[in-house]
Amino acid sequence: MTAVAAIDAVGLVKSFGGVAAVDGVDLEVRQGEIYGVLGPNGAGKTTMLKMLATLLPIDAGQARVFGVDVAGEPHRVRQLLGVTGQYASVDEDLTAAENLWLFGRLQGLRSADARATARRLLGQFGLEDAADKPIAQFSGGMRRRLDLAASLITRPPLIFLDEPTTGLDPRTRGQMWDTIRGLVADGCTVLLTTQYLDEADQLADRIAVIDRGRKVAEGTPDELKTSVGDSTLQLRLAPGADQELARGIVLRVAGAEPVLAPESGRMNVPLDTADRAADVLVGLRQAGVSITSVSVAKPTLDEVFLAITGHDTEQADEQNPTGNAAVGAGIPLEVK
Amino acid sequence: MTTLIAEVPPRVVDPAAAVARTRPRASLADTVSQTLCMAWRALKKMRRNPEQFFDVALQPLLFTAMFAYVFGGAIAGNVQSYLPLMVPGIVAQTVLTTCMATGVQLREDMDKGVFDRFKSLPIARIAPLAGPMTADLVRYLIAAGLTFLMGVIIGYRPGGGALGVLGAIVLAVFTGWSLAWIFTWIGTMAKSARSVQGMSMMILFPLTFLSNAFVPVNSLPSGLADFVKINPVSHLVSATRDLANHAMISSEVGWTLLAGAVVIAVFAPLSVHSYRRHL
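Keep in mind it's a predicted model, so treat the numbers as computed, not measured.

1. Quick notes on the overall build of chain A
In terms of helices and strands, chain A carries 12 helices and 15 strands. Each of the 336 residues in chain A was classed as buried or not, and the buried ones make up 49%. Long-range contacts, defined as pairs at least 24 residues apart, comprise 69% of the intrachain contacts of chain A with a sequence gap of at least 6.

As structure tokens, then:
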């Protein structure tokens, strides 16, 4: 018996004033996985999440949560999921304990049970000392934790986390990651949106890349990163340098198609190992191509994006030589 | 049975069981209990932001004294004989102003993040609206009670006795609660709390001043008098007078109750509908 998908969405569409914020997204999230939705601001991540969470009506398409139709039976769907937004959705005028008690009561817990659950969650999230303080005195990290705690009162099997660590300091961020892993260990399924590739990398079993309301790629973090190389050599050519020549050298030495950045003279070279950077630089030097700056970095979301959407819009009909082999061949990555 | 195979961690969350547990909609009992939870929240907030009480406390005290001494002589000959006419009018006016505040506050509240959570919870859609309104019963009670108290202090002796006054207060509270649905609806429709305030004022002022709240109807020109007679606020004022001054459950009381029920029947569903559409 195969378990029903935690989320099964087909052709989701949401428009605001004639502009499609989400434009025909399919999504299948398996039970027990962390599924990352990666995309820049305004890509439609939050809108998609809100539709799945019954917070926004679905304009077209269909979505099921554990087999329950989101549009048809929203009340049942709401009993299956916890939502934690980008900003803390707790009551500023109540204390932490009062907030959790209220949300517990609203979901049918008896007063004493709601109080016990509140205490347990506050302990679990390291907030017991702040239980009776007004939220106004909470730090950003404390608010996020309280907000997540509030989503877990009834132990829903599916948790939506909308950019759970945006604006958090690195330490708090790490704690949040541990908490999210803990949820999955308990049997939850997590749908996570993020702007950070490393966050999706750290947490997600599978990732969908969303751009302008469309899913442009989907795969495991490794598959995604392979598509842009393990690290990226960023080069800025000196003014007047021969860009075509440089491209040829990179292609020959690194075996990868450089991705031209929007600024003139800048190119990003996906590398399977950072060691290759030296080979590229030597190659350029021997050919007399002058550069003004150079750096080696882990691929960023920008590069994943440029690589994936660049391929999508410019090279769709061409035989893609080497660069985005994974994307071009479509084997590990499903490219729309 | 608690034995588990050692290697397999206990799965605390079981999706299949969770799906089986779900209920298709909130029952009436759930709705009532959720509304009361939301009312509890609103009362907590009221206690922590006491400025919410200023309008319900100050207006009855100030307006009662002001209107009595300014208009008493001109309209009824003297302050004493104006009070039985005016105090029920002020009661109606204060309660209406208080319901306007309901809409404004709801709008402010809805703009906060916590309302997103309420929407995502499996609770009756009406509960986040009805809860604060239920808590507002306390404010209507204070507003109506204080107006009568101030009236008594400056010499009003209600002919209906304590029971009549009590009846008048209960009627005013009920009417306030039902009319508050109109302002709740405006609150869910408007773009900001400020526009709720503006729109509500536009509705409220004509309704309260073009009524029999402060002047006898027979003193008005005929066209205006016709409007004043059909104005629901006039019925509330007359009903309040009948109860407070004569302890009489008149047809005016019936009309007021009916009007309140109609307003609820129309505007409660409209509010919920518009609340659900709200981003």
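2. Overview of the confidence of the model for chain B
Chain-level statistics for chain B give a pLDDT mean of 86 and a share of 95% at 70 or above. Ignoring residues within four places in sequence, the model shows residues 1–10 of chain B, a span with pLDDT below 50, making two contacts including any to other chains.

3. Some points on the packing of helix 3 (residues 96–106) of chain A against helix 4 (residues 111–124) of chain A
All names here are of chain A. Running from N to C, helix 3 and helix 4 point in directions that differ by 130°, and their axes come no closer than 8 Å. Regarding the angle of helix 3 to helix 4, the classification is oblique. Read as a crossing pair, helix 3 and helix 4 show a hand that is right-handed. Contacts from Ala96, Ala97, Leu100, Trp101, Gly104 and Arg105 of helix 3 reach helix 4 at Ser111, Asp113, Ala114, Arg115, Thr117, Ala118, Leu121 and Leu122.

4. Overview of the interface of chain A and chain B
Often the size quoted for an interface is simply the accessible area lost on bringing the parts together. Opposite the 37 residues of chain A that make contact, chain B presents 29 residues. When contributions to the side of chain A that touches chain B are tallied by element, the ones reaching two or more residues are helix 2 (74–78) and helix 3 of chain A. Broken down by class, the residue content of the side of chain A that touches chain B amounts to 18 nonpolar, nine polar and 10 charged.

5. Digging into the pairing of strand 9 (residues 206–211) of chain A
Residues and elements named next belong to chain A. As defined by bridge partners, strand 3 (residues 34–38) adjoins strand 9 across four bridges and the pair is classed as parallel. Opposite Tyr35, over in strand 9, you have Arg206 as the bridge partner. Here five bridges tie strand 9 to strand 10 (residues 214–219), and the two strands are oriented antiparallel to one another. Pairing of Val209 across the sheet is with Ala217, part of strand 10. Between the end of strand 9 and the start of strand 10, which pair antiparallel, lie two residues, with Arg212 showing a positive phi angle near 45°.

Parameters at a glance
Residues numbered from 1 in each chain as written. Chains lettered and ligands numbered in written order. Predicted model: local features only at pLDDT ≥ 70, side-chain atom pairs only at ≥ 80, totals over all residues. Helix = DSSP H or I, 4+ residues; strand = E, 2+ residues; numbered from the N terminus. Buried ≥ 20, exposed ≤ 12 C-beta atoms within 10 Å, placed from the backbone. Contact = placed C-beta atoms within 7 Å. pLDDT = per-residue confidence, 0-100. Axes fitted to C-alpha atoms, helices over the stretch in contact; angles between N-to-C directions. Parallel < 35°, antiparallel > 145°, perpendicular 65-115°, else oblique. Left-handed = near helix turned anticlockwise from the far one by under 90°. Nonpolar A, V, L, I, M, F, W, Y, C, P; charged D, E, K, R; others polar. Pairing = 2+ DSSP bridges.

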